[in-house]
Amino acid sequence: MGTQPVAVTSLLAEPMVRRRAGLWTDAWRRLRRNRLALAAAAYLLALVGVAVLAAFWTPYSTTHQGVVLPYQGPTAAHPLGGDALGRDVLSRLMGGAQISLLVGVGTQVVVLVLGVPLGLLAGYFRGWLDAALSLVINIFYGVPDLLVALILIVLLGHSGLGQIIFAIAVTRWMDMARLVRGQAMSLREREFVEAARCCGSGTFKILSRHLLPNALGPIIVQATLGIPQAILFEAFLSFLGLGVQPPTPSWGSMAADGVQAIRISPHIVLAPTIALSVTLMAFNFVGDGLRDALDPRQRR
Amino acid sequence: MRWRGTLLYIGQRLLLIAFTVLAVSSIVFIGIHRLPGSVFVSERLRASQMQALLHQYGLDRPLWEQYRDFLLGLLHGDLGISYVNQGVRISPLVGREALVSAEVGGLALLFTIGLGMLLGVLAAIRQNTWLDYLFTSTAVVGYSMPNFVIATFLLLIFAVFLQHLTGGLLYYQIGWTGTFGSLGEIAIPAFALGFPYASVVARLTRASMLEVIRQDYIRTARAKGLPEQLVIVRHALRNALIPVITILGPLVVGILTGSVVIENIFGIPGLGKEFVQSILNRDYNIVVGVFTMYAALVGIANLIVDLLYPLIDPRIRY
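Residues numbered from 1 in each chain as written. Chains lettered and ligands numbered in written order. Predicted model: local features only at pLDDT ≥ 70, side-chain atom pairs only at ≥ 80, totals over all residues.

(A) Quick look at the overall build of chain A. Within chain A, the regular secondary structure consists of 10 helices and 0 strands. Tracing chain A from N to C terminus, the helices and strands come up as α-α-α-α-α-α-α-α-α-α. Out of the 300 residues belonging to chain A, those deemed buried represent 44%. Residue pairs in contact within chain A that sit at least 24 positions apart in sequence constitute 69% of those at least 6 positions apart. (Helix = DSSP H or I, 4+ residues; strand = E, 2+ residues; numbered from the N terminus. Buried ≥ 20, exposed ≤ 12 C-beta atoms within 10 Å, placed from the backbone. Contact = placed C-beta atoms within 7 Å.)

What follows is the structure in structure tokens.
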């Protein structure tokens, strides 16, 4: 009997603490059980490390020619050998990781900045704004996105990293806008939004304090799954010679160079293509894991 | 009554397609003609010669006049004249290339649907066996890998390793002889083009098959004593296909865009290769023409797929 007061206070205190961290602790617990997603996340962390490292140090220069014999196979000094111009493949692979991650994350930042407010406003206000947004989205869905990005790169006058990010983001924002619009549309009918409106909360406050936090889970999942898409787009553009301009290394252009020499030295094409595949797969695993963790109701 | 609704729907969709094509082509046309420099810059001509060339191609006229002529030509199916290969008419050229692309794309579509469905059904009826795990993990790899990576691996296997293995007797020759390649030449590019989407189809087929197979009418069919193959093919697969049909649209678009890369790797003289080449050559008439054509093709492909739904699933109506 003597312990009862303690139990009561803890009962009173605990749910308060837990409710505050509910979604995130729950999500973390679910994510922790997903070994595949964790392994993928670990790989991606390592990749970020490599990309940061590449900004300061690579074993050899990423652009200097003739640091290895051209077409040199893997050796102790050059673990991944040299390319057609005698550049160190490992160093270029590290530089390429940097480009890929920059494009992937950069694109998603632009997509978030563009898609989230547009989707929120269209879903909350409906009316002409929603109609206009839906029309634009439908037009964008009517044209193949990769080709739009390609054309945009041309129109922007070949290309720095900023233009590439912009071009990819322009073709990728609709998914995010549509998702947020749907979320806003269903959330605006819920009681807590009505309650907030009754309390006299302004539109901005309702959108930012009530709608946005409740839509955050799906937004995070969508943004994560958008990163490999953007990386793929960049690789695609660079593969065709329209993305990152040489001599800056990109996995796409490295693969294109490698295909030219596929008969002589396959290692040149294998290194970037394997790195690209594993990275895309890792992002997909993490994204799927996050979806299962953050958004358990949504089925794949 | 029912047909009126359908016709109205088709009309609306065609309007949207026309609007999309118009919007896309105007943006690309105007954008591309505002770019500094022209195709002829690299030819080091005297000012008077340059002027003559620009005049010959009508490039010295106001932009809106050029655009009007472009639109009028478009209505007649005339995409103008190539700047780089001077005097070559674009429409017949692009038409032939579209056929080549359609050939490869069609085979890829066959691969995608056939292989995807086969793997999906097999994985579903052998759920939780090693076969299921093998197919499911292959599918994950398949849709995570860009098609040019798959193409590269196929080249490595069939063009390089196979040659070493058989002592040069049997291997895939990179490149393309004649306008329309032989089946052997098409098969590998088509496979590379279709494989990522085959994994998507397989995943979808498996999931919907698993759902359908647990339903009562399947149990009834089995209870009647129907052979298992008939139950699967005639009863289960039919209904399991409905969700698969829904991704046919994106699939066609994906194969269309995928061909841009695949044709460049395998040296296939199709629309995709032309598109990239003309961009690199600054042959802007072709860029605008091919892009317009892509937009129209995608719109029409999506419309056809949407019109197929009600034929397969009578519950859907427009």
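(B) Structural view of the overall build of chain B. A tally of regular secondary structure across chain B gives 12 helices and 0 strands. Its helices and strands taken in sequence order, chain B reads α-α-α-α-α-α-α-α-α-α-α-α from the N to the C terminus. Dimensions along the principal axes, computed over C-alpha positions, put chain B at roughly 85 × 70 × 30 Å. Looking at chain B as a whole, 37% of its 318 residues are labelled buried. Restricting to contacts in chain B with at least 6 residues of sequence separation, those with at least 24 account for 74%.

(C) Representation of the interface of chain B and chain A within the structure. Taken together, the contacts link 33 residues of chain B with 30 residues of chain A. Breaking the side of chain B that touches chain A down by element, the ones donating at least two residues are α1 (2-33), α6 (147-165), α10 (248-266), α11 (271-281) and α12 (284-312) of chain B. In terms of residues, the side of chain B that touches chain A owes the most to one element, α1(B), which gives 8 residues. In terms of residue class, the side of chain B that touches chain A is made up of 26 nonpolar, 7 polar and no charged. (Nonpolar A, V, L, I, M, F, W, Y, C, P; charged D, E, K, R; others polar.)

(D) Spatial organisation of the packing of α6(B) against helix α7 (residues 183-213) of chain B. Residue and element names in this part refer to chain B. Running from amino to carboxyl end, α6 crosses α7 at an angle of 140°, the nearest separation of the two axes being 9 Å. As far as their axial angle goes, α7 and α6 are oblique. Crossing handedness for the pair α6 and α7: right-handed. Contacts from N147, I150, A151, L154 and F158 of α6 reach α7 at I188, F191, A192, L193, F195 and P196. Split by residue class, the contact of α6 with α7 holds 10 nonpolar, 1 polar and no charged. (Axes fitted to C-alpha atoms, helices over the stretch in contact; angles between N-to-C directions. Parallel < 35°, antiparallel > 145°, perpendicular 65-115°, else oblique. Left-handed = near helix turned anticlockwise from the far one by under 90°.)

(E) A look at unusual backbone geometry. For the peptide bond that leads from P246(A) to P247(A), omega is 10°, which places it in the cis range. Of note, P247(A) is situated in the loop between α8 (203-239) and α9 (251-260). Positive phi is not limited to glycine here, since R126(A) has a value of about 55°. Among the secondary structure elements, R126(A) is positioned in the loop between α3 (89-125) and α4 (127-142). Positive phi, normally seen in glycine, also occurs at N128(B), with a value near 65°. Checked against the element boundaries, N128(B) lands in the loop between α4 (90-125) and α5 (130-144). Accessibility expressed as a C-beta count within 10 Å gives 8 for N128(B), which makes it exposed.

(F) Representation of the confidence of the model for chain A. When pLDDT is averaged across chain A, the result is 84; 90% of the residues are at 70 or more. Taken element by element, chain A is modelled with least confidence in helix α1 (residues 4-33) of chain A, mean pLDDT 62, and with most confidence in α3(A), mean pLDDT 92. (pLDDT = per-residue confidence, 0-100.)

(G) Molecular detail of the packing of helix α8 (residues 216-223) of chain B against helix α9 (residues 228-246) of chain B. Residue and element names in this part refer to chain B. In the contact formed by α8 and α9, the axes pass within 10 Å of each other and the chain directions differ by 150°. By the angle between their directions, the pair α8 and α9 is classed as roughly antiparallel. Viewed along their axes, α8 and α9 form a crossing whose handedness is right-handed. Here Y217, I218, A221 and R222 of α8 come into contact with α9, specifically with V231, H235 and A236. Among the residues making up the contact of α8 with α9, the classes are represented as 5 nonpolar, 1 polar and 1 charged.

(H) Just α3(A), in detail. Residues and elements named next belong to chain A. Compared with the 54 Å implied by 1.5 Å per residue over 37 residues, the 53 Å span of α3 between its first and last C-alpha is a close match. At L112, α3 shows its largest kink, close to 25°. Across the 37 residues that make up α3, a large majority, 26, are buried. At the C-terminal side of α3, R126 shows a positive phi close to 55°. (Expected span 1.5 Å × (residues − 1). Bend = angle between axes of the 7 residues up to and from the residue.)

(I) Structural detail: the nonpolar core. If you look at the biggest cluster of nonpolar residues, it comprises 150 residues, and the most contacted ones within it are A149(A) and F291(B). For F291(B), the residues in contact, after removing those within four places along its chain, are L147(A), I151(A), V24(B) and V28(B). (Core = buried A, V, L, I, M, F, W, Y, C linked by C-beta atoms within 7 Å.)

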